[in-house]
Amino acid sequence: MMTAQAKFSMFEAKLNQEAFSCFRVLFENVRDVIEAGKKPEHYEIPVTLFLEKSGVGDVEQVAEAIRAIIECKIDVKKGDYLYFYSFFNTVCIEKGVIKYTIPPDVENFIPTARITAKA
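Given the structure is predicted, the values throughout are model-derived calculations rather than measurements. (Residues numbered from 1 in each chain as written. Predicted model: local features only at pLDDT ≥ 70, side-chain atom pairs only at ≥ 80, totals over all residues. Heavy atoms only, no water.)

Turning our eyes to something else, we now look at the environment of Phe-109. With respect to the helices and strands, the residue Phe-109 is situated in helix α5 (residues 104-109). You can call Phe-109 buried: its relative accessible area is 11%. Considered as a pair, Phe-109 and Lys-7 are 102 residues apart in the sequence and their alpha carbons are 9.4 Å apart. Leave out the neighbours within four places in its chain, and Phe-109 touches Ala-4, Ala-6, Val-76, Lys-78 and Tyr-85. (Helix = DSSP H or I, 4+ residues; strand = E, 2+ residues; numbered from the N terminus. Buried < 20%, exposed > 50% of the residue type's maximum accessible area, 1.4 Å probe, protein only. Contact = heavy atoms within 4.5 Å.)

This is the structure:
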């Protein structure tokens, strides 16, 4: 099996502090669910908990951050090829909950991927 390496550097480089904080919460939520041995149909986090963990002020700022996250790509090197993935397949804020799905390949990279804190 060929080892693939995923780089989340575009998120660190392009997102402002607020959007990166939101990305980190969504990323770590996926990691926590995977580490708990679950394979959900979609990931979710209540907006109130999300606001608390991310430090973002309100839902409108979260929506802006999500739009910025959608613009970023994950670089994945597989052998001689470089692939680009979006973090989300789908994302919505519905009834006080952020619900999202991510591509299966991205899901496979998250347990071993590292993202650094923005200074």
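There's plenty left to go through after this.
Now for the packing of aromatic side chains. Following the criterion strictly, the structure yields 13 aromatic pairs and no others. Taken together, a centroid distance of 4.2 Å and an interplanar angle of 10° make the contact between Phe-11 and Phe-23 stacked. Linking Phe-11 in helix α1 (residues 9-14) with Phe-23 in helix α2 (residues 17-35), this pair joins segments that are twelve residues apart in sequence. Phe-23 carries the same exposure label as Phe-11, and that label is buried. Ring pairs connect the aromatic residues Phe-8, Phe-11, Phe-20, Phe-23, Phe-27, Tyr-43, Phe-87, Phe-88 and Tyr-100, which therefore count as one cluster. Lying over the aromatic face of Tyr-83, Lys-78 brings its terminal NZ or CZ to 5.1 Å of the ring centre. (Phe/Tyr/Trp six-rings, centres within 6.5 Å; stacked < 30°, edge-to-face > 60°. Lys NZ or Arg CZ within 6 Å of the ring centre and 35° of its normal.)

Here we come to the packing of α2 against helix α3 (residues 47-54). Across the interface, α2 lies against α3 with an axial gap of 9 Å and an inter-helix angle of 120°. As far as their axial angle goes, α3 and α2 are oblique. You can see that α2 and α3 cross each other, and the crossing is right-handed. Contacts between α2 and α3 pair Ser-21, Cys-22, Val-25 and Leu-26 from the former with Phe-50, Lys-53 and Ser-54 from the latter. Of the residues contributing to the contact of α2 with α3, the split by class is four nonpolar, two polar and one charged. (Axes fitted to C-alpha atoms, helices over the stretch in contact; angles between N-to-C directions. Parallel < 35°, antiparallel > 145°, perpendicular 65-115°, else oblique. Left-handed = near helix turned anticlockwise from the far one by under 90°. Nonpolar A, V, L, I, M, F, W, Y, C, P; charged D, E, K, R; others polar.)

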